[in-house]
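Here's the letter readout for the chains.
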Amino acid sequence: DAGVTQSPTHLIKTRGQQVTLRCSPKSGHDTVSWYQQALGQGPQFIFQYYEEEERQRGNFPDRFSGHQFPNYSSELNVNALLLGDSALYLCASSTRTSGRGPQETQYFGPGTRLLVL
Amino acid sequence: GENVEQHPSTLSVQEGDSAVIKCTYSDSASNYFPWYKQELGKRPQLIIDIRSNVGEKKDQRIAVTLNKTAKHFSLHITETQPEDSAVYFCAASRRPGYSTLTFGKGTMLLVSP
């Protein structure tokens, strides 16, 4: 049973560039949430995707966007990178119980460490 | 929105001692409280969780307690071992249908042999 996977593991970009991070959810899961974890901090919620639509969004600017594909995998895109975007980006997957929304338990992927120079 | 406060930020114990980490939350609608362990360079791993209809839950050396009236919950680790050394995060989530997790800032636990 495959767990949550993410790619790439590490990435170095320069200010102003754009980046795309990828996530494949745990087998049987259909909901993907993205979090940003700055060094020494707890994860901060970016947004959540279910049925290929953004369902919830945290306090992040429009430079952060995403997508979910029919196979439930997801992408996180960040445009016009800033130095402050350097962080570990975590994808978490969960499964939605019909009519009740995602189950609360989320399983995290290994993360993508992004460094913006 | 929800705000989760976590204390202490660092905790050093001797092997075999107990460790307690405390969290408070602000949103009275939160009803799910997981705890994650994150080792250096690794992903957060769920170690235990509790829902609002339960006051305490145990899993071997780990236990979590919840006081909904006071809006605080705690992680208890007994007979600590060096491999328990890691950063521990508490989190809170609202009623079913919302799985957004709001995390505390983490506690670095160091267990010395």
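Parameters at a glance
Residues numbered from 1 in each chain as written. Chains lettered and ligands numbered in written order. Predicted model: local features only at pLDDT ≥ 70, side-chain atom pairs only at ≥ 80, totals over all residues. Heavy atoms only, no water. Disulfide = S-S within 2.5 Å. Helix = DSSP H or I, 4+ residues; strand = E, 2+ residues; numbered from the N terminus. Buried < 20%, exposed > 50% of the residue type's maximum accessible area, 1.4 Å probe, protein only. Salt bridge = Lys/Arg side-chain N within 4 Å of Asp/Glu carboxyl O. 1 Å grid on protein atoms, 1.4 Å probe; cavity = no way out; pocket = protein on both sides within 12 Å on 5 of 7 lines; lining within 4 Å. Points joined across faces, edges and corners; volume = space filled by probe spheres on them. Patch = residues over 30% accessible without salt bridge, like charges linked within 9 Å, V, L, I, M, F, W, Y side chains within 5 Å. Areas by Shrake-Rupley, 256 points an atom, 1.4 Å probe, with all protein chains shown as cover. Contact = heavy atoms within 4.5 Å. Phe/Tyr/Trp six-rings, centres within 6.5 Å; stacked < 30°, edge-to-face > 60°. Lys NZ or Arg CZ within 6 Å of the ring centre and 35° of its normal.

## Things to note about the state of the cysteines
Summed over the entire model, instances satisfying the criterion amount to two disulfides over all chains. Across the disulfide from Cys23(A) sits Cys91(A); the S-S distance is 1.7 Å. Taking the sign of the torsion about the S-S bond as the criterion, the disulfide between Cys23(A) and Cys91(A), at about -45°, is left-handed. With a gap of 68 residues between them, Cys23(A) in strand β3 (residues 19-24) and Cys91(A) in strand β9 (residues 87-94) connect regions that are remote in the sequence. The two residues Cys23(A) and Cys91(A) agree in class, both being buried. Residue pairing for Cys23(B): its cysteine sulfur links by disulfide to Cys90(B), the two sulfurs lying 1.9 Å apart. Measuring handedness by torsion sign, the sulfur bridge of Cys23(B) and Cys90(B) sits at about -100° and is left-handed. Of this pair, Cys23(B) sits in strand β3 (residues 19-25) while Cys90(B) sits in strand β9 (residues 86-92); the two residues are 67 residues apart in sequence, bridging distant segments of the chain.

## A word on the pattern of salt bridges
Opposite charge on two side chains permits them to pair, given that their charged atoms come into close proximity. Summed over the entire model, instances satisfying the criterion amount to nine salt bridges over all chains. Across the pair Glu75(A) and Arg22(A) runs a salt bridge whose closest N-O atoms are separated by 3.4 Å. Highlighted residues: Glu75(A) in strand β8 (residues 74-78) and Arg22(A) in strand β3, separated in sequence by 53 residues. A relative accessible area of 17% places Glu75(A) in the buried class. The partly exposed category is assigned to Arg22(A), whose relative accessible area is 41%. The salt bridge involving Arg94(B) is made with Asp27(B); its shortest N-O contact spans 2.8 Å. Here the residue Arg94(B) occupies a position in the loop between β9 and β10 (102-103), and Asp27(B) occupies one in the loop between β3 and β4 (32-38), the gap between them amounting to 67 residues. Among the charged side chains, a salt-bridge network with shared partners connects Lys37(B), Glu39(B) and Lys42(B).

## Structural notes on the layout of surface pockets
Within this model, the largest pocket holds a volume of roughly 540 Å³. In this structure, the largest pocket is lined by 27 residues; those nearest its centre are Gly1(B), Glu2(B), Thr100(B), Leu101(B) and Thr102(B). Taken together, the elements giving at least two residues each to the lining of the largest pocket come down to β5 (44-50) of chain A together with β1 (4-7) and β10 of chain B. Broken down by element, the residue count for the lining of the largest pocket peaks at three residues, all from β1(B).

## A few points about a nonpolar patch on the surface
Residues Ile12(A), Leu115(A) and Leu117(A) make up a contiguous nonpolar surface patch of roughly 300 Å² in combined accessible area. When you line up the elements, Ile12(A) lands in strand β2 (residues 10-13).

## Some words on the environment of Asp59(B)
All names here are of chain B. Mapped onto the elements of the fold, Asp59 is located in strand β6 (residues 56-59). Separated by 55 residues in sequence, Asp59 and Val4 have C-alpha atoms that sit 23 Å apart. The contacts of Asp59, once residues within four sequence positions are left out, are Ile47 and Ile48.

## So, the packing of aromatic side chains
Going through the model one piece at a time under the given rule, you end up with 13 aromatic pairs over all chains. Centroid distance Phe47(A) to Tyr49(A): 5.4 Å. Interplanar angle 85°. Geometry classified as edge-to-face. Side by side, Phe47(A) and Tyr49(A) carry an identical accessibility label, which is buried. Where Trp35(B) meets Phe73(B), the ring centres are 5.6 Å apart and the plane angle is 70°; that geometry is what we call edge-to-face. Of this pair, Trp35(B) sits in strand β4 while Phe73(B) is found in strand β8 (residues 72-77), placing the two residues 38 residues apart along the sequence. Here the aromatic residues Tyr35(A), Phe45(A), Phe108(A), Tyr36(B), Phe89(B) and Phe103(B) are joined through ring pairs into a cluster of three or more. Positioned above the aromatic ring of Tyr107(A) is the side chain of Lys26(A), whose terminal nitrogen or guanidinium carbon lies 5.6 Å from the ring centre.

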